[in-house]
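# Coordinate inspection notes
So the chains spell out like this:
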Amino acid sequence: KNQVEQSPQSLIILEGKNCTLQCNYTVSPFSNLRWYKQDTGRGPVSLTIMTFSENTKSNGRYTATLDADTKQSSLHITASQLSDSASYICVVSPYNTNAGKSTFGDGTTLTVKP
Amino acid sequence: GAVVSQHPSWVICKSGTSVKIECRSLDFQATTMFWYRQFPKQSLMLMATSNEGSKATYEQGVEKDKFLINHASLTLSTLTVTSAHPEDSSFYICSARSDMGDTQYFGPGTRLTVL
């Protein structure tokens, strides 16, 4: 069964600090892994998308890493801002996406405090 | 970037009425659209996958006669919650996937409250 597990479930950090969110998956065969940011009451917004051959991808203060061998990904947030407070969701898609069955993690709720 | 809109953004209705939610891909064509439901502090739950011009594929446990999905064009999918009840109150989110890649672009969501 395809699974995506995210940790921690929730995280509180002070403004300006860095943090790292984890995503472990068992989806196979693997096509791509995406990190989304979801603000409360809003739809998810794509941060990064990584394929099998990519190890690192950055989007501003967000840097995602992928280890396809160990099936692990991380999202590193640098110099956090209050607006980073949101839920971060890891989504993994199988190789054949015609079925549309991407697997969603439960998300990590990040709270950035002043 | 790709934009997906939803309308309405929120709706309050009486129990027993039907509510239609629209999902539009504004600047790309989406052969496939997805409908999700999200309860407070929970992850998105896939309800159904719709492909333009064909019947939607519903996830296990989702009543197709209650949640009517119509993907009439490459830029529009609608979800109709028929005979809504308070337990249908939730945050409904659609996403669209273009023919050019695997990325799903999400709409802003629709908050449904059934009294």
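Figured I'd write up the structure that's included with this text. Position numbers for residues start from 1 in each chain and track the written sequence from start to end. A letter from A marks each chain and a number from 1 marks each ligand, given out in the order of writing. Two thresholds apply to this predicted model, a pLDDT of at least 70 for residue-level local features and 80 or more for giving and counting side-chain atom pairs, whereas whole-chain, interface and lining totals are computed over all residues. In computing side-chain values, all of the structure's heavy atoms are included and hydrogens and water are not.

### Brief notes about the overall build of chain A
What counts here: In this description a helix means any DSSP run of H or I spanning at least four residues, a strand means any run of E spanning at least two, and both kinds are numbered starting from the N terminus. Our radius of gyration is a C-alpha quantity, and the globule rule it is checked against amounts to 2.2 Å times the number of residues to the power 0.38. Exposure is judged per residue with a 1.4 Å probe applied to protein chains only, and the accessible area is read against the type maximum: over 50% gives exposed, under 20% gives buried, and values in between give partly exposed. The contact criterion used throughout is that any non-hydrogen atoms of two residues lie within 4.5 Å.
What chain A contains, in helices and strands, is zero helices and 11 strands. When its helices and strands are written in sequence order, chain A yields β-β-β-β-β-β-β-β-β-β-β. Its C-alpha radius of gyration of 14 Å places chain A within 12% of the 13 Å reference for a compact globule of 114 residues. Oriented by its inertia axes, the alpha-carbon framework of chain A measures out at about 45 × 30 × 20 Å. Here chain A, with 114 residues, has 45% of them falling under the buried criterion. A fraction of 57% describes how many contacts in chain A between residues 6 or more apart in sequence connect residues 24 or more apart.

### What to know about unusual backbone geometry
At the junction of A:Ser7 and A:Pro8, the peptide bond is cis and its omega measures out at -10° in the coordinates. Note on placement: A:Pro8 falls in the loop between β1 (4–7) and β2 (10–14). Cis rather than trans, the peptide bond between B:His7 and B:Pro8 has omega equal to 0°. Note that B:Pro8 resides in the loop between β1 (4–7) and β2 (10–13). One non-glycine residue, A:Lys71, adopts positive backbone phi at about 60°. Mapped onto the secondary structure, A:Lys71 falls in the loop between β7 (62–67) and β8 (72–77). Take A:Lys71: its relative accessible area is 28%, and that puts it in the partly exposed class.

### Brief notes about the interface of chain A and chain B
Under the convention used in this document: When a carboxyl oxygen of Asp or Glu lies within 4 Å of a side-chain nitrogen of Lys or Arg, that pair is called a salt bridge. Identification of polar contacts relies on pairs of N or O atoms within 3.5 Å, with a donor-acceptor requirement for protein atoms, meaning one able to donate a hydrogen and the other able to accept it, and with residues adjacent in sequence counted only if both atoms are side-chain atoms.
Every contact between the two is made by 20 residues of chain A and, on the other side, 17 residues of chain B. There are zero salt bridges connecting chain A and chain B. Where chain A packs against chain B, one counts four residue pairs in polar contact (both at pLDDT 80 or more). With five residues, strand β4 (residues 30–38) of chain A is the single largest residue contributor to the side of chain A that touches chain B.

### Describing the environment of B:Val11
All names here are of chain B. Here Val 11 is to be found in strand β2. With 101 residues separating them along the chain, Val 11 and Leu 112 place their C-alpha atoms 5.1 Å apart. If near-sequence neighbours (up to four positions away) are discounted, Val 11 is found in contact with Val 19, Thr 110, Arg 111, Leu 112 and Thr 113.

### Remarks on the sheet that holds strand β7 (residues 67–73) of chain B
Residue and element names in this part refer to chain B. This is how it is decided: Pairing between strands is defined by DSSP: at least two bridges between the two strands are required. To get an axis, a line is fitted to the C-alpha atoms, and for a helix only the part in contact is used. The angle between two axes follows their N-to-C directions and goes from 0 to 180 degrees.
Taken in spatial order, the four strands line up as β1-β3-β8-β7 in an open sheet, and their pairing is antiparallel. Here the strands that pair on one side only, and so sit at the sheet edges, are β1 and β7. Taking the axes of each pair of neighbouring strands and ignoring which way they run, one obtains an average angle of 15° across the sheet. Sheet topology places strand β3 (residues 19–25) next to strand β8 (residues 76–81); six bridges connect them, and they run antiparallel. Along β8, the bridge assignment pairs Glu 22 with Thr 78.

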